[in-house]
Amino acid sequence: MALLERERELAVLGEALADARRGAGRMVIVRGEAGIGKTALVSDFAAGLDARTPLAWGSCDPVPRPLGPILEAATALGVGIPRDEQGTAASRFLQGLRATPRPPVIIVEDVHWADEATLECLGYVGRRIQRTSAMVVVTTRDDEIPAGHPVRLMLGELLSAAGARMIEPRRLSRSAVMDLIGDPVAGRRVWEVAGGNPFLTWELRGSRGDEIPVTVRDAARARLARLSAAARAAVEVAAVAGPRCEAWLLERMLAAEAGAVDECIDHGVLVASGDTLAFRHELARLAVLEGISPPRRVSIHRRLLDILTATPGARGDTARLVHHAMGAADRDAVLRLAPRAALEAVQRSSHREAARHYRQALDVADGVGVAERAALLEGYALECHLTDQRDAAIAALDEAVALHRAAGDRLRVADALVRSTTVLFRAGRTDDAEEAARAALAELEGMPVTATHVRVYRAQAYLRMLTRHSEEAVAWARRGLAAAEEAGEDDDVAEIRNALGSALIVAGDLEAGERELRAAMDLAHARTDFTQEALAASNLGSALGEMGHPRRARPHLERSMRIGEVYDLRAAESYASSWYALTDLSLGLWQAAAERAAEIVRRPSSPPIAVVMARMCLGRLAARRGDGDAWRHLDAALEVADATRTLQRQAPVRAARAEAAWLEGDLDRTRVEAQAQYAEAVAHRHVPFMAELGFWLGQAGAPPPTPADAADGYGLMMRGEWDDAARLWADRGGVYERALALSFSDEQARREALHVLDGLGALPLARRIRRSLREEGIRGIPRAPGTARRAPAGLTARELEVLHLLAEGLSNAMIARRLVVSARTVDHHVSAVLAKTGSTTRGEAVAKGLQEGIITLARHGGSRPRADSEE
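Treat the numbers as computed from the prediction; the structure is a model and nothing was measured. (Residues numbered from 1 in each chain as written. Predicted model: local features only at pLDDT ≥ 70, side-chain atom pairs only at ≥ 80, totals over all residues. Heavy atoms only, no water.)

Draft legend 1. Layout of the state of the cysteines. This structure, assessed with the given rule, holds zero disulfides. Cysteine Cys60 shares no disulfide, and the gap to the nearest cysteine sulfur, in Cys121, comes to 11 Å. Residue Cys60 is classed as buried on the basis of its relative accessible area, which comes to 2%. (Disulfide = S-S within 2.5 Å. Buried < 20%, exposed > 50% of the residue type's maximum accessible area, 1.4 Å probe, protein only.)

This is the structure we're talking about:
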């Protein structure tokens, strides 16, 4: 079918290619319902490329092949990704794109079927595409994909990337359908049935007005009815084989009926592309598949499995063989092949597919030996854990424990319980995790030290560290290191040192803790275990941040973020970044803190522990600025923190909420928030948490006893040693906290605090200081530049900055250059400004800003913040 009404879509693709050739790579997402013409659009675009443009295609299948489309495209571009390096395929593929002599175009179709590794690779490339000269086009359906599907998460992140573009092809207009059909009666009927869907319209085009098929199934049957019996058999084999079928395979299946394939092509049922054959659309294949009787389908699957298994060098990847074994109801083949397919998926970091293959094996594993079934369960549990299918992981491990226990294998029982400990803790079931850890220990009583002992002690140390039972964590970690030396097992040493170092820092021994964590990083780096290296760096940075050392924390957080960026460790990078935002907040880099924390909250892949810290950062920042958004963020942070049931999440959130209530003058709420975690902080002897929560209790009129060892900033403030506290905060990098301490000191100190707070835009605390000075009869109080930072009804600081620039008469493109952001980001900010100010035009928004005193006409020849009168 000639391409109709796709001029706009082709123009977007052309612009993206032009951008890529200028050195600003693009990823274009073509999204739409089945049959809307995604493949036709990208095929037409590809056909128009000049012969010198490197072009590579990759296709996803309903039976996902781990990294299949990426490896196809890489091969076409001459980018080698050895089998033993496919765990780093994303970085290798990106390097290949950058090394291609001319800007390449890569088209990956049907990513709604993509495996996890393919999605992660596309996400990795998409987030970095703008720094290449490549153009990547992906097609995907937007129907039949549930909200939490990995494809939706990947697309959600990519659409916020600077190099991403979206195309959503529209249905054909009524006039286009009428022109295509030619006959007015048939045209109206086709329009009523197909509704402008290009594929359906094309399928129905040859029908008369009184005999229009009403479904794709009817249209497919009508087309098949015109074929010979041999050709119909060929079509059935092709439908069972999948969206694409090798020509040689179809010929082998049909034996002497070689002419049948040509007949299918001549009638437009199958389309030849190189050495493969495919249906013109997946809807047509499914319609044919539905019409094949179950016994006939089983027979075809069995013959396909036999041929693919017996043909060396065939595209008989193991996942494909498992699919046909399942279709053939061949239990033995599934048990033999599915675990192998799972291991291949793991090697390519496609953990969701690995879990699916383990599940396939388990579904037919009734009656196998205890050891074999338990191994399948444990493999399945690990892959489910890695893909956040925690309930399934817990159930599988429970069954594995029962099997090992029935067999009397205490070591394997303990190992399975250790795995359960991790999954249960991350599922928020802390009490159950503690019980599993105790049960694992009980299994080892009276046994000589083995590698299992090391893993059990490691789990104990890590669990105690995470729950902030620091002294117990240190003891278990040292016991684990001794056991590792005795057993000659060093696989877990880096992780044990990680737990030990983190616990030592939280217990107050910062120097010893940092030594252990640096040792953990070095060990992990030497073993090329970059996940553990990033975790150790993140733990060092976050532990120092938790203990009130933001400046000292930053280099380690930067290291973790850098490793996460290079090796696409999104969870590690997000968590380190959330803490980096908190150090930005402490150091007075408030705009940077806001932007970094907001990005983490927006990112669908951010783990809950990163989101809670980012939300806390945004809430604390909003409270200190006097914005109206504080409680929205702090409520969201508390919900996530409470779900973890851990002091390290709940205590800082409660402290932030106590501060926000105090800044609002609500002392009752200040007391309630601080009391919520104070007793637990005391029970854990966590000095910084005790001191900060205790300080806010004191400000609310309920001061607790001052901890004797509270030598940090808030501890000094609890004692009323304001100047010493201010000096300590200055040394550690707590800009706002130093001003807070000075706000309780003498007149000179409070004037100095005002200077700092006015520079930050910290209106509530600045107002308190001005009010206290005024009540003491002090004159010459500096005027408050509060309106320079004050945002009307919900405007964020960035939106307020955009409003200033609108008042200067700048266009969106000029604003983007001024703020060093994308034009799309500015579009969003301008839309938000119009919505929040209740304006319909940019001029109206500026006028309202002037009327409300938010801006005045005196900044850079345009607007500037107005200075308040003396308070």
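That shown, we press on.
Draft legend 2. Focus on the sheet that holds strand S5 (residues 164–167). As summarised here, the arrangement of the five strands in space is S2-S3-S4-S1-S5, forming an open sheet in which the pairing is parallel. In the strand order of this sheet, the two ends are held by strand S2 (55–59) and S5, each with one partner. Neighbour to neighbour, the strand axes of the sheet diverge by 15 degrees on average, direction disregarded. Of the strand pairs in this sheet, S2 and strand S3 (residues 105–109) are connected by five bridges, and their pairing is parallel. When the sheet's bridge partners are listed, Gly58 is paired in S3 with Val108. Most of the contacts of helix H6 (residues 150–158) go to strand S1 (residues 26–32), to which it runs at about 135 degrees, and overall it touches S1, strand S4 (135–141) and S5. (Pairing = 2+ DSSP bridges. Helix = DSSP H or I, 4+ residues; strand = E, 2+ residues; numbered from the N terminus. Axes fitted to C-alpha atoms, helices over the stretch in contact; angles between N-to-C directions. Contact = heavy atoms within 4.5 Å.)

Draft legend 3. Local environment of the environment of Ala681. Along the chain, Ala681 falls in helix H34 (residues 667–683). Along the chain, Ala681 and Gly327 lie 354 residues apart, while their C-alpha atoms are 58 Å from each other. Beyond its immediate chain neighbours, meaning those up to four positions away, Ala681 contacts Leu647, His686, Phe689, Met690 and Leu693.

Draft legend 4. View of the environment of Arg359. Summarising the element assignment, Arg359 is placed in helix H18 (residues 351–363). Using a relative accessible area of 30% as the deciding quantity, one classes Arg359 as partly exposed. Placed 156 residues apart in sequence, Arg359 and Arg515 show a C-alpha to C-alpha distance of 43 Å.

Draft legend 5. Looking closely at the packing of aromatic side chains. Applying the stated criterion to the full structure yields nine aromatic pairs. When the ring of Tyr457 is compared with that of Trp476, the centres are 5.7 Å apart and the planes differ by 35 degrees; the resulting orientation is tilted. With Tyr457 in helix H23 (residues 451–466) and Trp476 in helix H24 (residues 470–487), this residue pair connects regions lying 19 residues apart in the sequence. For the pair Tyr457 and Trp476, one class covers both residues: buried. (Phe/Tyr/Trp six-rings, centres within 6.5 Å; stacked < 30°, edge-to-face > 60°.)

Draft legend 6. Geometry of the nonpolar core. Core analysis: the biggest nonpolar cluster contains 97 residues, and Val235, Leu250 and Phe279 have the highest contact counts within it. Counting residues per element, this core draws most heavily on H23, which supplies nine residues. If near-sequence neighbours (up to four positions away) are discounted, Val235 is found in contact with Leu224, Leu227, Cys264, Val269, Phe279 and Val288. By size, the runner-up hydrophobic cluster in this structure holds 90 residues, among which are Leu540, Leu585, Ala641 and Leu728. (Core = buried A, V, L, I, M, F, W, Y, C linked by side-chain atoms within 4.5 Å.)

Draft legend 7. Representation of the sheet that holds strand S8 (residues 276–279). Strand order in this open sheet of three strands is S6-S8-S7, and the pairing throughout is antiparallel. The open sheet has two free edges, formed respectively by strand S6 (244–246) and strand S7 (270–273), since each of these has just one partner strand. For this sheet, the mean inter-axis angle between neighbouring strands, taken without regard to orientation, is 30 degrees.

Draft legend 8. Just the packing of helix H11 (residues 229–241) against helix H15 (residues 294–310), in detail. In the contact formed by H11 and H15, the axes pass within 10 Å of each other and the chain directions differ by 70 degrees. Considering the angle they form, H11 stands roughly perpendicular to H15. Residues Ala233, Glu236, Val237, Val240 and Ala241 of H11 touch H15, and the partners they reach there are Arg296, Arg297, Ile300, His301 and Leu304. The class makeup of the residues in the contact of H11 with H15 is six nonpolar, one polar and three charged. (Parallel < 35°, antiparallel > 145°, perpendicular 65-115°, else oblique. Nonpolar A, V, L, I, M, F, W, Y, C, P; charged D, E, K, R; others polar.)

Draft legend 9. View of H23. Between its first and last C-alpha atoms H23 spans 23 Å; for 16 residues at 1.5 Å apiece the expected length is 22 Å, and the two agree. Measuring from the side-chain oxygen of the N-cap residue of H23 to the backbone nitrogen of Thr452 gives 3.2 Å; that N-cap residue is Thr450. Positive backbone phi, approximately 65 degrees, marks Arg468, located one or two places after H23. (Expected span 1.5 Å × (residues − 1). Polar contact = N/O pair within 3.5 Å; in protein donor to acceptor, adjacent residues only side chain to side chain.)

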